[in-house]
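# An overview of the molecular structure
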Amino acid sequence: METNSPDQPASSATVRPTPSDVALPDQPDAVLTCDNVDVYYGSFKAVEQVNLGFGLNEITALIGPSGCGKSTLLRSLNRMNDLVEGARVAGTVSFMNEDIYGPGVDAIEVRRRIGMVFQKPNPFPKSIYDNIAYGARVTGMKVSSMDDLVEEALTRAALWDEVKDKLKQSAYGLSGGQQQRLCIARTIAIKPDVILMDEPCSALDPIATMRIEDLMQELRKDYTIVIVTHNMQQAARVADRTAFFTALPDETTGNRTGVLVEYGKTGQIFGAPNDKRTEDYISGRFG
Amino acid sequence: MASLGKLAAQGAAATTLKSQNGGEYSARAIGFLFALWFSLFVAVLFLGTLIIVTVIEGAPKFSLNLFTEYSSSNPDNAGARAAIFGSVFVIATTAVLAIPLGVAAATYLEEFADKRRWWNRLIELNVQNLAAVPSIVYGLLTLGLLATVGFKSKNFVLAGGIALALLILPVIVIATREAIRSVPSEIRQGSLALGASPWQTVWRQILPSSIPGIATGSILALSRALGEAAPLLLLGALVYVTFDPTSLMSGFTTMPIQIFSWTGRPQEGFHELAAAASILLLVLLVIMNGLAIFIRNRFQKRW
């Protein structure tokens, strides 16, 4: 699906505005919001002053060159960054108007409501069935029938037809693309509100990538999706809104800190960017 | 040819692929290879001699008597029954004490300890060092412990088990930490991202994936404990036992102690018995190590 080779820059002519651009409100109806968010690793500031709202039932893409802090920001949206020693968030990340770093907030509950799909497919060394059932089992979810839950999640992730006869077999027998859809199915099975995707297609071939992108369009009807991607064409194809980040070197230390440059509807970001740096990046002049 | 000229111009000496200093077959390389072979030969020679001499000396006494008879003053009637039972009892006690404790300690250090805290780093360093402490020190430690608690007799199964458990605990901790560390962080993150608590992640993902590594490390540690005599001698393990151990508080002897005691007797018959018991001990150790290697290869995870 790589329609544009690197030496053929994505200009406004090659990027079709997503159909939803027309109906998309100017300001997102945000379920998840960042207010003046800084993310630190120890004393190193990885991301600075991010203000962003992720709209309900929208797909928001975070794009930008390596080291611009987009994955770091993504991981601070469901407190996965808590696992990194020394990681700290300043400012406010709120989910449905509740500060997810607030006192008394349970990180485990945050992660249950805001699911995450990783760069490399990471199925558990268990059967396909047990991979899907895992989340429901550990969170003590009340389910009338685990079989139905597994079938529903796999169907929604467009994987059911391929695996329905081998549910008890190891998930490691699946192809990379199937494993990634399994990981998405596993995430849907615990019924989160938001799904964060950290470069979900970077380890997949173009066909598998296309299937995941189609799946995202389906999931968008019920979930709010935030996707980090290195692939600008992918952002242009799937996202309703796009946020462009870049890294600025600190004048004294030389450490590079990520900043949000521009945020808007995908059609606008790729068609008529307001910032010179955005234009340079999407037309392939750096990054 | 132009590039060759350029290379030469840059001062590159080699314009041929022929070796400049003998390469693989230079005198130094061959000499070094012989030195390696010689070292290997010496090591294998000693091991081979030891095994062959032991087998030749012990073969006549390696009979059913060895397994069924108790120790006796007459070498023709003596056997290692009490020592075999004693070893089984002591090693079982050691396993029950050391494995859960070692696995729990390793899990804490790997999964829960904040490595930025100095006390956690201190504990880590000490665990590494404890693995190198001479075994007799653990005997002394146990002796002191029992004396403090107020035991008069110190030669019972539980005491031996405690001493050996202390001895192999660091080995089990280190092996378990290695096994836990080899579980990819993606698995950990995947589990936590699905709303599992750190505790559930350890219990349902990390430990089940680490079982082969833990089993291998534990079996190797137990085989070391099986061959230990020093800490048990210090606890006053009996050398002349004519009864089977029946409980944790029974007096006991073990195979290395029995071998030690028989070797010290003047009669030739006892020396043969010691060799026969050594064969048995060697066979047991080979089986345990073989089992450990089997588990390691059979269940090796290809992530």
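Anything mentioned here points back to the structure above.
Let me begin by describing the structure that accompanies this report. None of the values given here were measured: they were computed from a predicted structure. (Residues numbered from 1 in each chain as written. Chains lettered and ligands numbered in written order. Predicted model: local features only at pLDDT ≥ 70, side-chain atom pairs only at ≥ 80, totals over all residues. Heavy atoms only, no water.)

## Brief notes about a nonpolar patch on the surface
All names here are of chain B. Here is the rule: Residues with no salt bridge and a relative accessible area higher than 30% make up the patches, which join like charges within 9 Å and nonpolar side chains (Val, Leu, Ile, Met, Phe, Trp, Tyr) within 5 Å. For the accessible areas, the method is Shrake-Rupley and the probe is 1.4 Å, while residue cover comes only from the protein chains on display. Take a side-chain nitrogen of Lys or Arg and a carboxyl oxygen of Asp or Glu: if they are within 4 Å of each other, that pair is a salt bridge. A helix here means a DSSP run of H or I that spans at least four residues, while a strand means a run of E at least two residues long, and both kinds are numbered starting from the N terminus.
Side chains of Y108, F112, W118, W119, L122, I123, W199 and W203 sit close together on the surface and give an oily, nonpolar patch of about 950 Å² of accessible area. Where the nonpolar patch is concerned, the elements lending two or more residues are α4 (81-112), α5 (118-130) and α9 (198-226). By residue number, the principal contributor to the nonpolar patch is α5, which donates 4 residues.

## Points about the pattern of salt bridges
Filter applied, for reference: Burial classification: accessible surface area is computed with a 1.4 Å probe over protein chains only, and a residue below 20% of its type maximum counts as buried, one above 50% as exposed, and the rest as partly exposed.
Under the counting rule described, the total for this entry stands at 28 salt bridges over all chains. Here A:D193 and A:R113 are joined by a salt bridge, their closest N and O atoms 2.7 Å apart. Within this pair, whereas A:D193 is found in the loop between α7 (176-189) and β7 (194-198), its partner A:R113 is found in helix α3 (residues 107-113), the two being separated by 80 residues in sequence. In this structure, the salt-bridge partner of B:R177 is B:E110, at a minimum N-O distance of 3.0 Å. Within this pair, whereas B:R177 is found in helix α7 (residues 157-181), its partner B:E110 is found in helix α4, the two being separated by 67 residues in sequence. We classify B:E110 as buried; its relative accessible area is 15%. The network of salt bridges with common partners includes B:E110, B:E124, B:R177, B:E178 and B:R181.

## Overview of the environment of A:R181
All names here are of chain A. Rule in force here: A contact between two residues is defined here by any heavy atoms of the two lying within 4.5 Å.
Relative to the helices and strands, R181 resides in helix α7. Separated by 64 residues in sequence, R181 and V117 have C-alpha atoms that sit 9.5 Å apart. In contact with R181, other than residues within four places in its own chain, are A157, A158, L159, E162, R211, I212 and L215.

## Focus: the state of the cysteines
Residue and element names in this part refer to chain A. Rules: Note on terminology: disulfide denotes any pair of cysteine sulfur atoms within 2.5 Å.
In total, this model carries 0 disulfides over all chains according to the counting rule given. Note on C183: no disulfide assigned, nearest cysteine sulfur contributed by C201 at a separation of 12 Å. For C201, a relative accessible area of 7% puts it in the buried group.

## Observations concerning the interface of chain A and chain B
How we decide: Here a polar contact is taken to be a pair of N or O atoms separated by no more than 3.5 Å, where protein atoms must pair a possible hydrogen donor with a possible acceptor and residues adjacent in sequence count only if both atoms sit in side chains. Under the scheme applied, nonpolar residues are Ala, Val, Leu, Ile, Met, Phe, Trp, Tyr, Cys and Pro; charged residues are Asp, Glu, Lys and Arg; polar residues are all the others, including Gly.
Each side of the interface is counted separately: chain A has 26 residues, and chain B has 23 residues. Scanning the region where chain A abuts chain B turns up 0 salt bridges. Applying the counting rule to chain A against chain B returns 4 residue pairs in polar contact (both at pLDDT 80 or more). Contributions of two or more residues to the side of chain A that touches chain B are made by α3, β6 (114-117), α4 (128-139) and α7 of chain A. By residue number, the principal contributor to the side of chain A that touches chain B is α4(A), which donates 5 residues. Residues of the side of chain A that touches chain B, tallied by class, amount to 12 nonpolar, 6 polar and 8 charged.

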